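The residues making up each chain are set out below.
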Amino acid sequence: MSSTTPTTTTQLKIWQQNVNCSRLAQLELLDSPRATQWDIVALQEPYSNGLKNTTANSNFRTLYPTTCYTSNEKSHAITLISTSLETNSWTQILLPS
């Protein structure tokens, strides 16, 4: 009898899209039936309101760049993390501009 334990692999499913600052395009993407298949959604040119907040839904946690609220510049990308992923298993990494 073998003493090796079977290994399981987990695949992350990532979707990247430019939504051209369109709230409608962003909402349609996130409300589509396929959105629940993605673990990470990377949005380029996301919609944001006057307070620099974006629109998401309850299926995702929004991860903003670390300089989002300290810089006068608009964020050019955000990352949405599926609520199905354990929050203790990832950290945000600070990258210099």
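Remember, it's a predicted structure, so these values are computed and weren't measured experimentally.

Q: Before we move on, could you go through the nonpolar core and cite the residues and values that matter?
A: Looking at soluble globular proteins, one finds that nonpolar side chains tend to be buried together. Core analysis: the biggest nonpolar cluster contains 11 residues, these being Val19, Leu29, Leu30, Ala35, Trp38, Val41, Leu43, Phe60, Tyr64, Ile78 and Leu80. Secondary-structure elements contributing two or more residues to this core are helix 1 (23–31), strand 2 (40–44) and strand 4 (77–82). What Ala35 contacts, discounting residues up to four positions off in sequence, is Leu29, Leu30 and Phe60.

Q: Let's hear about the sheet that holds strand 3 (residues 60–63): which residues, and what values?
A: Across the sheet, 4 strands lie side by side as 1-2-4-3; this open sheet has mixed pairing. Taken across any chain shown, the strands that pair with only one partner, and hence form the sheet edges, are strand 1 (14–18) and strand 3. Taking the axes of each pair of neighbouring strands and ignoring which way they run, one obtains an average angle of 20 degrees across the sheet. Pairing between strand 3 and strand 4: 4 bridges, direction antiparallel. Bridge pairing links Phe60 to Ser82 in strand 4. Each of strand 1, strand 2, strand 3 and strand 4 touches helix 1; the most contacted strand, strand 2, lies at about 165 degrees to it.

Conventions used here
Residues numbered from 1 in each chain as written. Predicted model: local features only at pLDDT ≥ 70, side-chain atom pairs only at ≥ 80, totals over all residues. Heavy atoms only, no water. Core = buried A, V, L, I, M, F, W, Y, C linked by side-chain atoms within 4.5 Å. Buried < 20%, exposed > 50% of the residue type's maximum accessible area, 1.4 Å probe, protein only. Helix = DSSP H or I, 4+ residues; strand = E, 2+ residues; numbered from the N terminus. Contact = heavy atoms within 4.5 Å. Pairing = 2+ DSSP bridges. Axes fitted to C-alpha atoms, helices over the stretch in contact; angles between N-to-C directions.

Just geometry here; none of it tells us what the structure is for.
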